[in-house]
Amino acid sequence: RAQMAHYLWRPSSGLRLAMEERLRPLLTDGPLLGRPFIGLHIRYSDNIRNFENDFGRDPAVTRSLKHYMQIANDIRKTTGITDIYVATDSVYMLQDLLRNFSNEWTI
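None of the values given here were measured: they were computed from a predicted structure.

## A word on the pattern of salt bridges
Line of reasoning, step 1. With the rule as written, the count across this model stands at three salt bridges.
Line of reasoning, step 2. In this structure, the salt-bridge partner of Asp 83 is Arg 35, at a minimum N-O distance of 2.6 Å. Note that Asp 83 is positioned in the loop between helix 5 (65-79) and strand 2 (84-88) and Arg 35 in the loop between helix 2 (13-29) and strand 1 (38-42), a separation of 48 residues in sequence.
Line of reasoning, step 3. Assessed through its relative accessible area of 3%, Asp 83 is described here as buried.
Line of reasoning, step 4. Judged by relative accessible area, Arg 35 falls into the partly exposed class, the value being 41%.
Line of reasoning, step 5. Of the charged contacts in the structure, one is a salt bridge between Arg 99 and Asp 96, with a shortest N-O distance of 3.5 Å. With Arg 99 and Asp 96 both in helix 6 (residues 91-101) and three residues apart, this pair spans about one turn of that helix.
Line of reasoning, step 6. The class of Asp 96 is partly exposed, set by a relative accessible area of 26%.

If you want it as C-alpha cells, here you go:
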C-alpha cells in the first residue's frame with residue numbers, strides 16, 4: 001500500500017520542475033541557509049470548519065496563533081532558536097504574526 005500511495009501522490013513532472021525552480025533560491029541562497037529555525041505549517045482556510053467534527057478538537061484553541069507561538073516559545077527556551085519559517089494559506093495569520101511577534105522573532 002505504501003508504494004501505491006507513493007506512486008499516486010507523486011507530483012507530475014511539470015509540477016516537480018516548477019517546485020524545484022521556486023524552491024531552489026530558498027534552499028541555496030535563502031536567509032535561513034545554514035541557520036537552525038522553527039518551521040510552522042499553519043492551515044486556516046480549507047479545513048477549519050470540519051476540524052472539530054473530524055478530530056474532536058476545538059480549532060479556536062488548538063489552531064490559534066497563540067497556541068502555535070506558545071509551542072515555539074517552549075522550543076526557543078530549550079534551543080535558543082529565534083528564527084521561524086512559516087508556511088500558511090492565510091495572509092491574515094501571517095499579518096497577525098508579523099504585527100505581534102516580529103519584535104521577538106525573525107520571521
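## Some remarks on helix 6
Line of reasoning, step 1. Listed in full, the buried residues belonging to helix 6 are Met 93, Leu 97 and Phe 101. Here the buried residues of helix 6 occupy an arc of 40° about the axis, which is enough to place them on one side. Across from the buried face of helix 6, at angles greater than 90 degrees, the exposed residues are Tyr 92 and Arg 99.
Line of reasoning, step 2. For helix 6, the secondary structure elements touched by its buried residues are strand 1, helix 5 and strand 2.

## Overview of the packing of aromatic side chains
Line of reasoning, step 1. On inspection of all chains with the given rule, the structure shows one aromatic pair.
Line of reasoning, step 2. The ring centre of Trp 105 lies 4.1 Å from the NZ or CZ of Arg 76, which sits over that ring.

## Section: the confidence of the model for the protein chain
Line of reasoning, step 1. For the protein chain, per-residue confidence averages 81 on the pLDDT scale, and residues scoring 70 or more make up 79% of the total.
Line of reasoning, step 2. The secondary structure element of the protein chain with the lowest average pLDDT is helix 4 (residues 59-62), at 55, and the one with the highest is helix 5, at 91.

Parameters and conventions
- Residues take numbers from 1 onward in each chain, read along the sequence in its written order.
- Residues qualify for local features only when their pLDDT is at least 70, as the model is predicted, and side-chain atom pairs are given and counted only at 80 or more; totals for whole chains, interfaces and linings, by contrast, use all residues.
- No hydrogens and no water enter the side-chain calculation; it runs on all heavy atoms of the structure.
- For this document, the term salt bridge refers to a Lys or Arg side-chain nitrogen within 4 Å of an Asp or Glu carboxyl oxygen.
- Strands are runs of DSSP state E lasting at least 2 residues, helices are runs of H or I lasting at least 4, and numbering of each runs from the N terminus.
- Three exposure classes are used, based on accessible area relative to the maximum for each residue type with a 1.4 Å probe and protein chains only: buried under 20%, partly exposed in between, and exposed over 50%.
- The arc under discussion is defined with respect to the helix axis, by the directions toward the C-beta atoms.
- Residue contacts follow a heavy-atom distance rule, with two residues in contact if any of their heavy atoms lie within 4.5 Å.
- Two rings from Phe, Tyr or Trp (for Trp, the six-membered ring) form a pair when their centres are within 6.5 Å of each other. A pair whose planes differ by under 30 degrees is stacked, one over 60 is edge-to-face, and the rest are tilted.
- We count a charge as sitting over a ring when the NZ of a lysine or the CZ of an arginine lies within 6 Å of the ring centre and within 35 degrees of the ring normal.
- Confidence scores per residue from the predictor, reported as pLDDT, run from 0 to 100.

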